[in-house]
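Structural characterization, general
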Amino acid sequence: MYQQTVFPRWRGFNLLNMFCSGQSPINRGRANGYFLEDDFKMISDFGFDFVRLPLSYRVWSSVDNPYEIDEQKISPLDDAVYFGKKYHLHVNICMHRLPGYCVNNDEQEKMDLWNDDEALNASKFVWTSIAKRYKDISSENLSFNVVNEPVSEVALEQYNKVTRRIIRAVREISADRLFIIDGVNYGELPPVDQMLNRENCGYSCRGYVPQGLTHYGSYNQTCYNNLPPKWPGAIRYENDDKEVTLWNRDKLERLFGAWAALAECFNVGVHCGEMGCFSKTPHPVTLAWYEDIMEVLKEHNIGYALWNFAGDFGIADSNRSDVTYKKIGHRMIDEKLLKLLQKY
């Protein structure tokens, strides 16, 4: 069985505190602009070792002037990096929104990262500013995730150009910085063309399959809300929602087995940077799906980070109607899901 062996098998969560601006309609109180030390401690105490921090440059800058940084608004990121090191959690900084691109359409960009040199230059500025802040932090403690989830319309050569130029700019400041590059097609497919001749780079897949299960009832995925999900047998829609495919453990094995095979063949690290199941999916179905996907990921030595820690996809404060929560510290914990994750 193929396995990735370059990365440690990092296991943890996405923390959404700076993933969108306060003006974004998808904020809904999730992105308060600061991080809680107690969350880092709790994640560590639960036995996990990884946090991914999806960020929007609009938290500390603006679409009109991405070169201007509000130090007060970016400084909570310093706290997160410090908390990660204090509690022995690897911190992965991910740019969820760069000038000219975000997978979400909550706020419009004036430029196009994939086609405009101006947007690429602004994005390089964002990344080099971050690189300078954390130049003295080792890659053992801190990695950079170039840009979150290029959509299927982004051509491979466009994506390759953007990642190559950003990495080159950062490496002039921090020569040994570890980079993680998302897969194409919303992170699902391996960017095989980028797995050659890229030093100190790893790759990030996704665990949102099938979306008829993982996003059932979610606020922005109405096309998946037609049928209550089952597992196995959950639905995935293909070809503009016209073709229906049923999913099971074997299909999960084929998907992540392909990532593991490429990891082994190209000698690169692979990590599942986002995965999870929305709170409207019935809890027994959620747990059955998690059992299979966790087992598959572990067999291939691929780590994971749930989207998210606290909230609709998380183990904390997920507001499910079919779960009896246990209060731990300042959070209400889905103990059954937590124990399942701790097994893997």
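Going by the structure above, here's the rest.
In what follows, the accompanying structure is described. (Residues numbered from 1 in each chain as written. Predicted model: local features only at pLDDT ≥ 70, side-chain atom pairs only at ≥ 80, totals over all residues. Heavy atoms only, no water.)

**Quick word on the packing of aromatic side chains**
- In total, this model carries 17 aromatic pairs according to the counting rule given.
- A centroid spacing of 6.3 Å and a plane angle of 70 degrees characterise the contact between F35 and F40, whose relative ring orientation is edge-to-face.
- Look at F278 and F313: their rings are 5.4 Å apart centre to centre, the planes differ by 55 degrees, and that puts the pair in the tilted class. Pair noted here: F278 is in the loop between β10 (270–275) and α8 (283–299) and F313 is in the loop between β11 (303–306) and β12 (326–328), with a separation of 35 residues, a long-range link. Each member of the pair, F278 as well as F313, carries the same accessibility label: buried.
- Here a set of aromatic residues connected by ring pairs shows up, and it is made of F35, F40, Y82 and F83.
- Note that R177 overlies the ring of F144, its terminal NZ or CZ placed 5.0 Å from the centroid. (Phe/Tyr/Trp six-rings, centres within 6.5 Å; stacked < 30°, edge-to-face > 60°. Helix = DSSP H or I, 4+ residues; strand = E, 2+ residues; numbered from the N terminus. Buried < 20%, exposed > 50% of the residue type's maximum accessible area, 1.4 Å probe, protein only. Lys NZ or Arg CZ within 6 Å of the ring centre and 35° of its normal.)

**Digging into the environment of E172**
- As for its position among the elements, E172 is in the loop between α4 (156–171) and β6 (178–182).
- C-alpha separation for the pair E172 and E149, spaced 23 residues apart in sequence, amounts to 25 Å.

**Remarks on the pairing of β11**
- Of the two faces of β11, the one lined by G303 and A305 and the one lined by Y304 and L306 are each fully buried.
- The pairing of β10 with β11 spans three bridges and is classified as parallel. Following the sheet pairing, M275 is matched in β11 by L306.
- What joins β10 to β11 is α8, and the crossover it makes is right-handed. (Pairing = 2+ DSSP bridges. Right-handed = clockwise from strand over helix to strand, strands pointing away.)

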